[in-house]
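# Structure assessment
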Amino acid sequence: MPEGDTVWNTARVLERALAGDVLTSSDFRVPQLATTDLAGWTVAESASRGKHLLLRLARGDDRRTLHSHLRMDGAWRAYRPGERWAGKPAHLIRVVLRSARSVAVGYHLHELALMPTAQEAAFLAHLGPDLLGADWEPDEAVRRLAQKPDRTIAEALLDQRNLAGIGNLYKAETLFLRGLWPWTPVARVDDLRGTVTLAQKLLASNKGRWTQTTTGSLRRGETSYVYGRRAMPCRRCGTAIQQADLDERVTYWCPRCQARPPDR
């Protein structure tokens, strides 16, 4: 699933392609918006909140937001008029937005919805503080995490109601760098604030680029400590990285650097 930094980067792509433009046509290929026509609307802004994309539109005094979620396989691509659309197969296209200088194509988008911009806050009210947003507040993230002390720290970090933006990659890498066994109960994590602060720094360090790294290296095969490295040697101790399912998601960890804490 795309992480918060990928969604942030996608919002910037749409911002550069469409912001300030008047749409000349729209083509929605989802039943709920099939008859929607956005021709004549101006793209005011492209933004993100956690893993949610928000394309804000204006026409006179009216303000609307086109919301989309990428989930596992969604994507937006921007093309020049007349350029070949090479992003993904055509049958995956869910929306096409055209202006005089750009064409934005949304592939396999989820939760695609058009709403009054005034309803945005209520629509996203369930989300925790955004790790890449102006509202990022680690103490609020810690407060939300601590509300379910028996939950595993891996599950809790992925819950967007606690903090918005972490996906499987940053979950696994954060836990490795903090030396935390993924199944550690939240109540037994000594420094929750340090954990969420590190996660925020990892996401923020990858803003503006598509190659995600937590190691500092951009070389192929060197960008992560544990994520995607099952059975490969730990970069710190040489122990084979392990992989397991946790709450219907795959997780990776080093059994030595992230040893299970002793029972109390």
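Attention here is on the structure that accompanies the text. (Residues numbered from 1 in each chain as written. Predicted model: local features only at pLDDT ≥ 70, side-chain atom pairs only at ≥ 80, totals over all residues. Heavy atoms only, no water.)

### Regarding the pattern of salt bridges
The cut-off we apply is this: Any Lys or Arg side-chain nitrogen located within 4 Å of an Asp or Glu carboxyl oxygen qualifies as a salt bridge. Secondary structure counts use DSSP, requiring at least four H or I residues in a row for a helix and at least two E residues in a row for a strand, with both numbered from the N terminus. Any residue under 20% of the maximum accessible area for its type is buried, any over 50% is exposed, and the rest in between are partly exposed; the area is computed with a 1.4 Å probe on protein chains only.
Taken as a whole, this structure holds 14 salt bridges when the rule is applied. With a shortest N-O distance of 2.9 Å, Asp 135 and Arg 49 are connected by a salt bridge. Highlighted residues: Asp 135 in the loop between α2 (120-123) and α3 (138-146) and Arg 49 in strand β2 (residues 42-49), separated in sequence by 86 residues. Residue classification places Asp 135 among the partly exposed residues on the basis of a relative accessible area of 36%. According to the relative accessible area criterion, Arg 49 is buried, its value standing at 19%. The salt bridge partner of Arg 71 is Glu 111, with a shortest N-O separation of 3.1 Å. Placement of the pair is Arg 71 in the loop between β4 (62-69) and β5 (75-79) and Glu 111 in strand β8 (residues 110-116), with a sequence separation of 40 residues. Residue class for Arg 71 comes out partly exposed when judged on its relative accessible area of 36%.

### Re the environment of His 52
The criterion, for reference: Here, two residues are considered to be in contact whenever any of their heavy atoms come within 4.5 Å of each other. Counting of polar contacts relies on pairs of N or O atoms within 3.5 Å, with two restrictions inside protein: one atom must be capable of donating a hydrogen and the other of accepting it, and residues adjacent in sequence are counted only when both atoms are side-chain atoms.
Tracing the backbone through its elements, the reader meets His 52 in strand β3 (residues 52-59). When sequence neighbours within four positions are dropped, the list of residues in contact with His 52 reads Val 7, Ala 47, His 67, Ser 68, His 69, Glu 111, Leu 124 and Leu 127. At a separation of 2.8 Å, a polar atom in the side chain of His 52 contacts the side chain of His 67.

### Brief notes about the sheet that holds β5
Each strand in a sheet pairs with another by means of backbone hydrogen bonds, the pair being arranged parallel or else antiparallel. Heads up, the condition is: Pairing between two strands requires that DSSP report at least two bridges joining them. Orientation is described by lines fitted to C-alpha atoms, with helices fitted over the stretch in contact, and by angles between N-to-C directions that extend from 0 to 180 degrees.
In space, the four strands of this open sheet follow the order β1-β6-β7-β5, with antiparallel pairing throughout. The open sheet has two free edges, formed respectively by β1 (25-28) and β5, since each of these has just one partner strand. Between one strand and the next, the sheet's axes are offset by a mean angle of 10°, whatever the strand orientation. Judged from the five bridges that link them, strand β6 (residues 93-98) and strand β7 (residues 103-107) form a sheet pairing that is antiparallel. Note that in β7 the partner of Arg 98 across the bridge is Val 103.

### Some thoughts on the sheet that holds β4
Spatially, four strands are ordered β2-β3-β4-β8 in an open sheet, and the strand pairing comes out antiparallel. What marks the edges here is a single partner per strand, and that holds for β2 and β8. The mean angle between the axes of side-by-side strands here comes to 15°, regardless of whether they run parallel or antiparallel. Strand direction decides the pairing type here: β4 and β8, joined by five bridges, are antiparallel. The partner of Leu 66 across the bridge, within β8, is Leu 114. Contacts from helix α1 (residues 4-18) reach β2 and β3 within the one sheet, and its direction differs from that of β2 by about 170°.

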